[in-house]
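Each chain is listed here by its residues.
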Amino acid sequence: MESTRPENRLSARGIRLGYGDRVVVGRDQGLDLPVPDGALTVVVGPNGCGKSTVLRALGRLLRPSAGQVLLDGRAIESMPTRVVAQHLALLPQSPTAPEGLTVRDLVGRGRHPHQRWFSTASAADDDAVGRALAQVGLTDLADRVVDELSGGQRQRAWIALALAQETDLLLLDEPTTFLDLCHQLEVLDLVHSLVHPPQVGQGGRAGRTAVVVLHDLNLTARYADHVVAVQDGAVVASGTPAEVFTEELLEQVFSVRARVLEDPVAGGPLIVPLPARHAVVLPSGAAAPARATDQTTDQTTDQNTDQTTDQNTDQNTDRNTHPLTAGATR
Amino acid sequence: MSAGLLEARGARAVRVGPVSARLHLRMLGAVLVAAALLVVVVAVDLSRGSAQLGLGDVVGVLTGGGEAGARFVVTELRLPRTATGAAVGALLGLSGALLQAFARNPLASPDILGVDRGAAAGALLVILAATALPAAAGPLQAVGVPVAAGAGALATAGLIYALAWRRGVEGARLVLIGIGIAAALQGLISFMLIGARLEWAAEAVRYLSGSLSGRGYEQVAQAGLALAVLLPVALVLGHRLDALVLGDDSARALGVGLQRSQLAVLLVSVAAAAAAVVASGPIGFVALLVPQVALRLAGSAARGRPPVLLSALLGSALVVAADCVGRTGLFFALSNEVPVGVVTSVIGAPYLMWLLVRRARGRTV
């Protein structure tokens, strides 16, 4: 799983990262992280685990003290900053725009790696900015000042800046932080549509490769093609959301006791944290609403609210990450 | 929204072969107005003084005509001073515009950060040495003062940058450290003055208050040359500044070599401040005030940072106007002329207080 396949355009190989003398990532053994092409990879992990640090290294903002990041087979450190920016766009955590900047001007700065000081408004620049604005749905607001926008619109404007760079690789560091649920979904829907564009066959652009750092595990499960769980500067699991989000992993990495059910809407794993860390016995009422959408099998489970049934369900979940589909076919 | 539509119509892409730029009509208008203002202020300044001339006489002389008397007054007595003031003002405006964009902070200007006090301390050292060694005074004044001022400004800026560096330079930290350095340099300057003989100190104090009195064509040439070199460089750097104002990480993600670009911006800004100090002594508040006025005049056409060219033009007009007021005693009604630096302080100090109050209330300026 961890071996770097040659087809990965972007991958980290045995990197060790830190600030000053403090090693944050890859302390014992360098961190490997192959980024699957054409997929939406989400990096998750508890606060301070080094996930943003890894993203910064993938985007060449941080130089590894050991190992290297490869972009198209070349060490990213050996490439000029400008050339890297032509292949890879990175949106840092909570960026701030200077006051009075319009959306169009902000997005236009994404053209920087393609511009020279004497050429700052070519026709190609205008086209790219127009496309990026359309993709994030801000064409009508292009001449508004960025500070006047809502949080979600502002984040979309910054994503448009990254899109105007016209790179195949897109790195986003916590693009949903400080956004309410509606705007979080808005941003993630956008990122998902960039990776899996709806009209590839009709002259649309092929899908991009995105690496996103997220905090919300259920949104991760919903949107990610590939999940990388980072703990204490090391990758502890990677794979599909269903492969990564097991109850053991949640307890081990996030110190959260949780049930993993099947998402009744999207079909992936649905993480339901247990009420408190010390609660060994699941209160009978707590589990019911999560499964209420299903039919009779579950209701029988709920009626038998003694401990044994609960443990049985637990075991089911362990063996099979899709307990509800299993139940439905029964 | 209607304002937004106007803005959209207010920008035109100009493309000639591989060269392209976006022309914002509001910026163009502001630049033209500032240039016209500068011309008017210069004409008025040239006409006023102990020998009152009409604006017609001034225009006549400047266009190559005029009678001999007016010609002498304008070209020999007043023009060098006015031209020095114009060049110094432009250098200060440019310096402030770059530094404020660099630090993303309206308080970052060479006078607040102590960069021009560093230049003044260097220059002062040489002035005192020149007064003490009359034999070597000529070369010391001509070469020593600019070199020492430049070195003083660079050393100050270098020190501030080094102290403010923590995996990047944060504007507020830069400003706080700069204010501390400025205070320390003020102490150093006072120390030098106390140690100096009275007549030397008098000469030095006149210099330190920022005065255009008695400036000749050497100063015009010096400051003009500095401006001719630094202004085009600053305009070219503007493209990188546009990325730098988005923050360190964003700038690097956009392919900007961060340290190199920051260093270039800082160097040009410091060089401009030092050149201004060499020509006129430290004239306070111009570099602080003018870029923010320019930013507001240009509105969204400024695109998020103080515009360099407009700041230079406004700085120019402000210094010439302030010197005219100080020289002719327009509102002080004093018989002695007031140094231009005093006049700009009278305007600038209330602005600084307003700025601090606004920031204290948590509003970004």
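Residues numbered from 1 in each chain as written. Chains lettered and ligands numbered in written order. Predicted model: local features only at pLDDT ≥ 70, side-chain atom pairs only at ≥ 80, totals over all residues. Heavy atoms only, no water.

A. Broad picture of the interface of chain B and chain A. Every contact between the two is made by 31 residues of chain B and, on the other side, 40 residues of chain A. By the criterion of area lost to chain A, the three top residues of chain B are His239, Leu246 and Leu254 of chain B, representing 22% of everything that side buries. Inspection of the chain B/chain A interface yields five salt bridges. Its salt-bridge partner being arginine 56 of chain A, residue aspartate 249 of chain B comes within 2.4 Å of it at the nearest N-O pair. Linking chain B with chain A are 19 residue pairs in polar contact (both at pLDDT 80 or more). Secondary-structure elements contributing two or more residues to the side of chain B that touches chain A are helix H1 (2-9), strand S1 (11-16), strand S2 (19-24), helix H10 (217-244) and helix H11 (248-253) of chain B. Among the residues making up the side of chain B that touches chain A, the classes are represented as 14 nonpolar, nine polar and eight charged. (Contact = heavy atoms within 4.5 Å. Buried area = accessible area lost by both parts, 1.4 Å probe. Salt bridge = Lys/Arg side-chain N within 4 Å of Asp/Glu carboxyl O. Polar contact = N/O pair within 3.5 Å; in protein donor to acceptor, adjacent residues only side chain to side chain. Helix = DSSP H or I, 4+ residues; strand = E, 2+ residues; numbered from the N terminus. Nonpolar A, V, L, I, M, F, W, Y, C, P; charged D, E, K, R; others polar.)

B. Representation of the environment of glutamate 243 of chain A. Summarising the element assignment, glutamate 243 of chain A is placed in helix H8 (residues 241-244). On a C-alpha basis, the gap between glutamate 243 of chain A and valine 103 of chain A in space is 40 Å, while along the polypeptide they are 140 residues apart.

C. Highlighting helix H2 (residues 25-47) of chain B. If you check H2 of chain B, its first and last C-alpha atoms are 33 Å apart, about what 23 residues at 1.5 Å a residue would give, namely 33 Å. Where H2 of chain B is buried, its residues meet S2, helix H3 (55-62), helix H4 (68-103), helix H13 (286-298) and helix H14 (308-328) of chain B. (Expected span 1.5 Å × (residues − 1).)

D. Summary view of the layout of surface pockets. If you add up the space inside the second largest pocket, you get close to 1,100 Å³. Lining the second largest pocket are 40 residues, with Thr120 of chain A together with Ala21, Arg22, Asp242 and Arg303 of chain B positioned closest to its centre. Within the residue set of the lining of the second largest pocket, elements represented by two or more residues are helix H3 (103-108) and helix H4 (123-135) of chain A together with S2, H2, H10 and H14 of chain B. Residue composition of the lining of the second largest pocket, by class: 21 nonpolar, nine polar and 10 charged. (1 Å grid on protein atoms, 1.4 Å probe; cavity = no way out; pocket = protein on both sides within 12 Å on 5 of 7 lines; lining within 4 Å. Points joined across faces, edges and corners; volume = space filled by probe spheres on them.)

E. A look at the packing of aromatic side chains. What the rule picks out here adds up to four aromatic pairs over all chains. Ring centres 5.5 Å apart and planes at 85 degrees place the aromatic pair tryptophan 117 of chain A and phenylalanine 118 of chain A in the edge-to-face group. Between the aromatic rings of tyrosine 351 of chain B and tryptophan 354 of chain B, the centroid separation amounts to 6.0 Å while the plane-to-plane angle is 35 degrees, which identifies the pairing as tilted. With a gap of three residues between them, tyrosine 351 of chain B and tryptophan 354 of chain B both fall in helix H15 (residues 340-360), about one helical turn apart. The class for tryptophan 354 of chain B is partly exposed, based on a relative accessible area of 39%. Three or more aromatic residues link up through ring pairs in this structure, and these residues are Phe102, Tyr161 and Trp165 of chain B. (Phe/Tyr/Trp six-rings, centres within 6.5 Å; stacked < 30°, edge-to-face > 60°. Buried < 20%, exposed > 50% of the residue type's maximum accessible area, 1.4 Å probe, protein only.)

F. A look at the packing of helix H6 (residues 115-132) of chain B against helix H12 (residues 258-280) of chain B. All names here are of chain B. Running from amino to carboxyl end, H6 crosses H12 at an angle of 45 degrees, the nearest separation of the two axes being 9 Å. With respect to each other, H6 and H12 are oriented oblique. With respect to the hand of their crossing, H6 and H12 are arranged in right-handed fashion. Between H6 and H12, the contacting residues are Val115, Asp116, Ala119 and Ala120 on the first element and Val270, Ala273, Ala274 and Val277 on the second. Along the lines of polarity and charge, the residues of the contact of H6 with H12 split into seven nonpolar, no polar and one charged. (Axes fitted to C-alpha atoms, helices over the stretch in contact; angles between N-to-C directions. Parallel < 35°, antiparallel > 145°, perpendicular 65-115°, else oblique. Left-handed = near helix turned anticlockwise from the far one by under 90°.)

G. Representation of the confidence of the model for chain A. All names here are of chain A. Looking at chain A as a whole, the pLDDT averages 82, with 79% of positions reaching at least 70. Ranking the helices and strands of chain A by mean pLDDT puts strand S4 (residues 40-44) first, with 97, and helix H13 (residues 323-329) last, with 36. Below a pLDDT of 50 lies the segment residues 1-5, which in the model reaches 11 contacts outside its immediate sequence neighbourhood of four places, other chains included. Confidence drops under a pLDDT of 50 for residues 285-330, and excluding neighbours within four residues, the segment shows 39 contacts in the predicted structure. (pLDDT = per-residue confidence, 0-100.)

H. Representation of a nonpolar patch on the surface within the structure. A contiguous nonpolar surface patch, about 850 Å² in accessible area, is contributed by Trp117 and Phe118 of chain A together with Val14, Val16, Val19, Leu23, Leu25, Leu28, Leu32 and Val236 of chain B. Those elements giving two or more residues to the nonpolar patch turn out to be S1, S2 and H2 of chain B. If you tally residues by element for the nonpolar patch, the top one is H2 of chain B, at three residues. Along the chain, the position of valine 19 of chain B falls in strand S2. (Patch = residues over 30% accessible without salt bridge, like charges linked within 9 Å, V, L, I, M, F, W, Y side chains within 5 Å. Areas by Shrake-Rupley, 256 points an atom, 1.4 Å probe, with all protein chains shown as cover.)

I. Representation of the environment of valine 126 of chain B. Residues and elements named next belong to chain B. Residue placement: valine 126 occurs in helix H6. The sequence separation of valine 126 and proline 146 amounts to 20 residues, and the corresponding C-alpha distance is 9.4 Å. Contacts of valine 126, omitting those with residues within four sequence positions, involve Leu140, Gly144, Val145 and Ala148.

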